[in-house]
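# Summary of the model geometry
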Amino acid sequence: HDPRVLLRREAGERDFHSLVVLPLEASDTVVGVLALYANETGFFNESEMKLLLELAGNISFALDHIEKADKLNYLAYYDELTGLANRSLFLERVAQYVRSAVGGGHKLAVALIDLERFKNINDSLGRPAGDALLRQVAEWLTRITGDPNMLARVGADHFAGVLPQVREGGDVARLLEKTMEAFLEHPFRLNGAVFRIAAKVGVALFPEDGADADTLFRNAEAALKKAKATGERYLFYTQTMSAAVAGKLTLENQLRQALDNEEFVLHYQPKVNLASGKLTGAEALIRWNDPRTGLVPPGRFIPILEETGMIYEVGRWALRKAIADYLRWRAAGLAAVRIAVNVSALQLRHRGF
């Protein structure tokens with residue numbers, strides 16, 4: 001008559017006189033129980049319990065292993081935050097679509113989507129709000145496409161999509177225009193407020209922009225970077241984009257070496273009082289003395305420094321160099337005029353400036 005007895009009516013009908021209930025655990029959480037009955041009174045003695053406890057432990061170990069294996073397998077192919085495919089699974093799916101396109105003799109499109117000002121939302125509202133936005137975007141994209149298998153989250157604020165069958169580039173452009181307008185009009189709710197989010201998109205088409213999934217993805221990335229640099233809402237890949245991106249990466253590597261090898265120099269442009277002809281000040285202008293090509297004007301390398309974040313280190317170098325030159329001139333008895341040093345807007349926004 002103990003109220004804790006499971007299946008009490010069935011136990012009575014079958015004349016059970018002994019009961020043991022053993023917990024089954026996975027990840028330190030009870031996920032089930034193993035309930036055993038016997039006709040004999042006191043059937044589950046010490047030796048019997050030892051065997052049953054070992055059995056329950058083995059089952060628990062198996063359940064824990066299965067749970068962890070399932071999770072690891074899931075994480076290997078899916079984004080845990082949004083539930084969409086990750087980059088690895090997306091590329092596998094694109095490869096399958098490419099094989100279908102070859103067999104069917106049709107085109108397909110790969111698109112990469114970048115959420116604008118996502119970092120601002122993350123920084124101002126906090127990461128939970130940023131995560132909530134990413135989940136809402138994933139839900140919206142899934143609803144619009146109607147098939148989550150065509151989507152993926154491939155970066156912090158980057159999503160990807162594949163159109164398995166397209167007729168002409170114009171069709172893709174019209175679909176993009178319609179989708180991006182709908183996206184911009186959609187209200188995303190974060191911390192009780194409504195936000196409108198814009199996006200940039202880069203597109204690569206099969207077969208003209210690549211014969212395999214990796215090439216298509218890489219060329220869609222190049223198109224996206226170009227769209228962000230030019231301010232276009234979306235761009236299709238062209239061969240010149242890839243060359244431009246490759247050239248930019250080469251220049252970025254050379255600038256990192258330039259900083260390490262002390263290839264930057266300051267030139268001082270004099271400020272002269274036109275009435276008296278006297279030197280009243282100087283403006284420090286940075287130049288890159290590239291050993292391969294000679295002096296490089298700032299218009300060519302300053303934007304790269306800003307884009308990569310190297311402007312902070314190079315900017316600090318310019319300030320330190322200007323101060324050192326000023327002190328050296330003064331120690332030599334020269335007219336140490338006031339020096340103006342240019343700084344980037346990024347430096348001005350930095351709290352440590």
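Scroll up to find the structure this text is about.
Remember, predicted model here, so these are calculated numbers, not experimental data. (Residues numbered from 1 in each chain as written. Predicted model: local features only at pLDDT ≥ 70, side-chain atom pairs only at ≥ 80, totals over all residues. Heavy atoms only, no water.)

### Brief notes about a nonpolar patch on the surface
Taken together, the side chains of L6, L7, L19, V21, V30 and V33 present a nonpolar region at the surface, about 480 Å² in accessible area. Elements represented by at least two residues in the nonpolar patch include exactly β1 (18–26) and β2 (29–38). (Patch = residues over 30% accessible without salt bridge, like charges linked within 9 Å, V, L, I, M, F, W, Y side chains within 5 Å. Areas by Shrake-Rupley, 256 points an atom, 1.4 Å probe, with all protein chains shown as cover. Salt bridge = Lys/Arg side-chain N within 4 Å of Asp/Glu carboxyl O. Helix = DSSP H or I, 4+ residues; strand = E, 2+ residues; numbered from the N terminus.)

### Examining the environment of A199
The residue A199 is located in strand β8 (residues 199–206) in this model. On the basis of relative accessible area, A199 is assigned to the buried category, the value being 11%. Between the C-alpha atoms of A199 and A160, which are 39 residues apart in sequence, the distance is 12 Å. When near neighbours in sequence (up to four residues on either side) are disregarded, A199 contacts I113, D114, E116, M180, F183 and R233. (Buried < 20%, exposed > 50% of the residue type's maximum accessible area, 1.4 Å probe, protein only. Contact = heavy atoms within 4.5 Å.)

### Some thoughts on the pattern of salt bridges
For the coordinates displayed, the defined rule picks out 14 salt bridges. The partner of R153 in a salt bridge is D79, and the shortest N-O contact between them spans 3.0 Å. Of the two residues, R153 is situated in strand β4 (residues 151–153) and D79 in the loop between α2 (46–77) and α3 (87–104); the sequence distance between them amounts to 74 residues. The closest approach of N and O atoms between K107 and E208, which form a salt bridge, is 3.0 Å. Of this pair, K107 sits in strand β3 (residues 107–115) while E208 sits in the loop between β8 and α7 (213–230), placing them 101 residues apart in sequence. For K107, a relative accessible area of 21% gives the class partly exposed.

### Regarding helix α10 (residues 311–331)
Taking 1.5 Å per residue as the helical rise, α10 with its 21 residues ought to reach 30 Å, and the 30 Å between its terminal C-alpha atoms agrees with that figure. Taken as a whole, α10 has its buried residues at I311, V314, G315, A318, A322, D325 and W329. What you see down the axis of α10 is that its buried residues fit within an arc of 105°, all on one side. Residues of α10 that are exposed and angled more than 90 degrees away from the buried face: R320, I323, R330 and A331. One or two positions beyond α10, positive phi appears at G333, with a value near 80°. (Expected span 1.5 Å × (residues − 1). Arc of directions from axis to C-beta.)

### A few points about the packing of aromatic side chains
Under the defined criterion, the tally for this structure stands at 10 aromatic pairs. Taking the centre distance of 5.8 Å and the plane angle of 45° together, the rings of F264 and F301 count as tilted. Taken together, the residues F264 in strand β10 (residues 264–272) and F301 in helix α9 (residues 298–308) connect sequence positions 37 residues apart. Among the residues examined, F264 registers a relative accessible area of 5% and is labelled buried. In textbook terms, an aromatic cluster arises when at least three aromatic residues are bridged by ring pairs, as seen for F264, W288, F301 and W317. (Phe/Tyr/Trp six-rings, centres within 6.5 Å; stacked < 30°, edge-to-face > 60°.)

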